[in-house]
Amino acid sequence: MLQTLSIRDFVIVDTLELEFSSGFTVLTGETGAGKSILIDALSLVLGARGEGGITRAGAEKAEINAVFDIAALPALQAWLRENEIDVDDAQLLLRRVIYADGRSRAFVNGSSATIQQLREIGEFLVDIYSQHAHHALLKASSQRQVLDTYGGLQEVAAELADAYQIWQGLYHKRVDAEKNAEAHAVELAELRDQVRELAALAPSAEEWEPLQQEHVRLSHGASILAGGEACRELLSEGEVAAMRQLSSVQHKLQELVAYDSGLQEALDILDGAVIQLEETDRFLNRYLQRADLDPERLNEVEARVHALHAAARKYRVRPEELAGLLESWQLRMAELESAHDNEQLRQEEARARAAYDVLAQRLSDGREKAALSLGEKITAEMQRLSLSGGKFSVSLNAQDPAATGREQVEFLVAGHAGVAPRPLSKVASGGELSRISLAIRVVTAQQGDMPTMIFDEVDVGIGGGVAEVVGQLLKTLGNQRQVLVITHLPQVAAQGMQHLRVSKHLHDGQTLSRIEALTHTQRIDEVARMLGGVEITETTLQHASEMLAAGA
């Protein structure tokens, strides 16, 4: 349930704090006073797309906060836990900030959130019906959705749509396999030869670089041995070897240090250099003793390099890519071998079709039951809404199996007794459509679990005694959940348990909108204004007082 709504610097609202009660709340005001601002603000905090001109002139940002009591919404609480959003005392705080440059930020219980998350949360909290929403009922998809929602069939309908996609995927796969069987057979035979050849070569993605390095080393084996021996000759083995020369320098410096200790640093540096050269000489000696430069190994490496190069040229890839090519061919072979088994595909398709048929039958049975009940209840409401003798029914017309089921849902209406029902789009006038739409919303809402419902001037085109009945319907609905109605009709406003009034005023040259909760006396004045227009008489006030008393 919506508890509070706070709006700051939004359109023509500077600051607004509203508290809401449960039950039936009405919102009234002069045309153009800004009644729709409340709906717009709430829609934004529930994830609606923001448009230009939202921020009040001269302000840097608009801010909207809404607090909901979600103690009775375990499904929403579970969603919040899944999305790692803390819930404190079963209260949910939604916040939306929209900057003058169009940027937008969203928060849930103080944590940053995405607009999509706000939108998903909103689906648990509020249904908003605009004054033009009844036109959506003329669409077949909307009529099907209304029936499935009323019958509690959304889950099986979603399962059916998934089952249909699986079935159709297998169907197209089987048809494609049969149509391209010959081409696939040729491709499979070619792949088998290629895979056999590459599998015998057994390329590895990791072997090419080390193999190249080994080939270079073995190819220059004689040069490596000769060069190594030459280096040792210069370092330690020759008559004028470097290490012998440095040893003489060491002895000379040692003698000189005895005369001048300042030469000790030079001697220390030389000692380090001699140690490094000795280590280098020992390393070269060990390397030459262990050097594996076998000519037979060179032949093996050259043969392997040649084989990999030849395969790479043949299949137009780099040698290091041969292993990946072999893997891709093996995957394609498995796919073709699976597709080539048409009998297996037919069996899989048949099982998928059978699963679809089971769900489709469940959905059809549920729709048939729901259609009868929905037709009876809406017909009863039509009698109350001055459509005496009228009848509403739901026709289930057979269609080829589809993602939506094996029947099309169509709403039929007879405006009065003795007339055959016809499609809603062909027989209902604007006023009739508005009343029928309202009857559908009220009936289906009684089956749903949406905690808050908002009706934005859905009573357009309705007046007189019908308007009073509409108010009674909405008040009845308010006994079960929170209902907020924006209305121009005094007959509806008089039924409200809470009454909010929207007005405009000038402040420092700016037009600002204000919303306030009315006392009983103020409600009499407001209902009288709605009844009598500009000049309010005592008779009008008396009439307004009587209407409020009757609606209490």
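Residues numbered from 1 in each chain as written. Predicted model: local features only at pLDDT ≥ 70, side-chain atom pairs only at ≥ 80, totals over all residues. Heavy atoms only, no water.

Description of the side chain of Q482
Here comes step 1: Mapped onto the fold, Q482 is located in strand β13 (residues 482–486).
Here comes step 2: Among the polar contacts listed, one links the side chain of Q482 to the side chain of T452, at a separation of 2.7 Å. (Helix = DSSP H or I, 4+ residues; strand = E, 2+ residues; numbered from the N terminus. Polar contact = N/O pair within 3.5 Å; in protein donor to acceptor, adjacent residues only side chain to side chain.)

Quick word on the layout of surface pockets
Here comes step 1: Empty space within the largest pocket amounts to approximately 1100 Å³.
Here comes step 2: Together, 34 residues line the largest pocket, and E123, V126, D127, Y129 and M450 are the ones closest to its centre.
Here comes step 3: Put simply, the parts of the chain that give the lining of the largest pocket at least two residues each are α2 (74–82), α3 (115–125), β8 (126–129), α4 (140–150) and α15 (430–447).
Here comes step 4: There is about 180 Å³ of room inside the second largest pocket. (1 Å grid on protein atoms, 1.4 Å probe; cavity = no way out; pocket = protein on both sides within 12 Å on 5 of 7 lines; lining within 4 Å. Points joined across faces, edges and corners; volume = space filled by probe spheres on them.)

What about the pattern of salt bridges?
Opposite charge on two side chains permits them to pair, given that their charged atoms come into close proximity.
Here comes step 1: This structure, assessed with the given rule, holds 25 salt bridges.
Here comes step 2: Between E187 and R332 there is a salt bridge, with its nearest N and O atoms 2.9 Å apart. Of the two residues, E187 is situated in helix α6 (residues 181–201) and R332 in helix α12 (residues 322–340); the sequence distance between them amounts to 145 residues.
Here comes step 3: Taking relative accessible area as the criterion, E187 reaches 27% and is therefore assigned partly exposed.
Here comes step 4: Its relative accessible area of 26% is what places R332 among the partly exposed residues.
Here comes step 5: Of the charged contacts, one joins E321 and R318 as a salt bridge, the two residues approaching to 2.6 Å between their closest N and O atoms.
Here comes step 6: Residues participating in the shared-partner salt-bridge network are E30, R501, E516, E526 and R529. (Salt bridge = Lys/Arg side-chain N within 4 Å of Asp/Glu carboxyl O. Buried < 20%, exposed > 50% of the residue type's maximum accessible area, 1.4 Å probe, protein only.)

Things to note about the pairing of strand β15 (residues 510–517)
Here comes step 1: In terms of strand pairing, strand β14 (residues 498–507) meets β15 through 8 bridges, oriented antiparallel. Residue pairing in the sheet places H507 in a bridge with Q510 of β15.
Here comes step 2: As consecutive antiparallel partners, β14 and β15 are separated by 2 residues, and within that stretch D508 has a phi angle of approximately 55°, a positive value. (Pairing = 2+ DSSP bridges.)

Points about the packing of helix α9 (residues 242–257) against helix α10 (residues 264–290)
Here comes step 1: At their nearest, the axes of α9 and α10 sit 10 Å apart, and the two run at 160° to each other. One way to sum up the angle between α9 and α10 is to call them roughly antiparallel. Note that α9 runs across α10; the crossing there is left-handed. Across the interface between the two elements, M243, L246, V249, Q250, L253, Q254 and V257 from α9 touch Q264, A266, L267, L270, D271, V274, L277, E278 and D281 from α10.
Here comes step 2: Residue composition of the contact of α9 with α10, by class: 10 nonpolar, 3 polar and 3 charged. (Axes fitted to C-alpha atoms, helices over the stretch in contact; angles between N-to-C directions. Parallel < 35°, antiparallel > 145°, perpendicular 65-115°, else oblique. Left-handed = near helix turned anticlockwise from the far one by under 90°. Contact = heavy atoms within 4.5 Å. Nonpolar A, V, L, I, M, F, W, Y, C, P; charged D, E, K, R; others polar.)

Overview of the sheet that holds β8
Here comes step 1: Taken in spatial order, the 6 strands of this open sheet run β8-β12-β13-β3-β14-β15, and their pairing is mixed. The sheet is open, and its two edges are formed by β8 and β15, each paired on a single side. This sheet shows a mean twist of 20° between the axes of neighbouring strands, independent of strand direction.
Here comes step 2: The strands that helix α18 (residues 520–532) touches are β3 (24–29), β14 and β15; relative to β14, the one it contacts most, it runs at about 75°.

Description of helix α11 (residues 295–315)
Along an α-helix, residues three or four apart share an orientation, since each turn contains 3.6 residues.
Here comes step 1: Across its 21 residues, α11 extends 30 Å between first and last C-alpha, which sits within 8% of the 30 Å expected from 1.5 Å per residue.
Here comes step 2: Within α11, the full set of buried residues consists of L298, V301, V305, L308, A311, A312 and Y315. What you see down the axis of α11 is that its buried residues fit within an arc of 165°, all on one side. The outward face of α11, more than 90 degrees from its buried face, is lined by the exposed residues P295, E296, H306, R313 and K314.
Here comes step 3: Phi for R316, located one or two positions after α11, is positive at around 55°. (Expected span 1.5 Å × (residues − 1). Arc of directions from axis to C-beta.)

Some remarks on the sheet that holds strand β1 (residues 2–10)
Strands pair in a sheet through their backbones, by hydrogen bonds, and they do so in one of two ways: parallel or antiparallel.
Here comes step 1: One open sheet accounts for 6 strands, arranged β2-β1-β4-β5-β6-β7; its pairing is antiparallel. Edge strands, defined here as strands with exactly one partner in the open sheet, are β2 (13–19) and β7 (111–113). Along the sheet, successive strands turn relative to each other by an average axial angle of 15°, direction set aside.
Here comes step 2: With respect to the sheet, helix α1 (residues 35–45) is in contact with β1, β2, β4 (61–69) and β5 (91–99), its orientation differing from that of β1 by roughly 100°.

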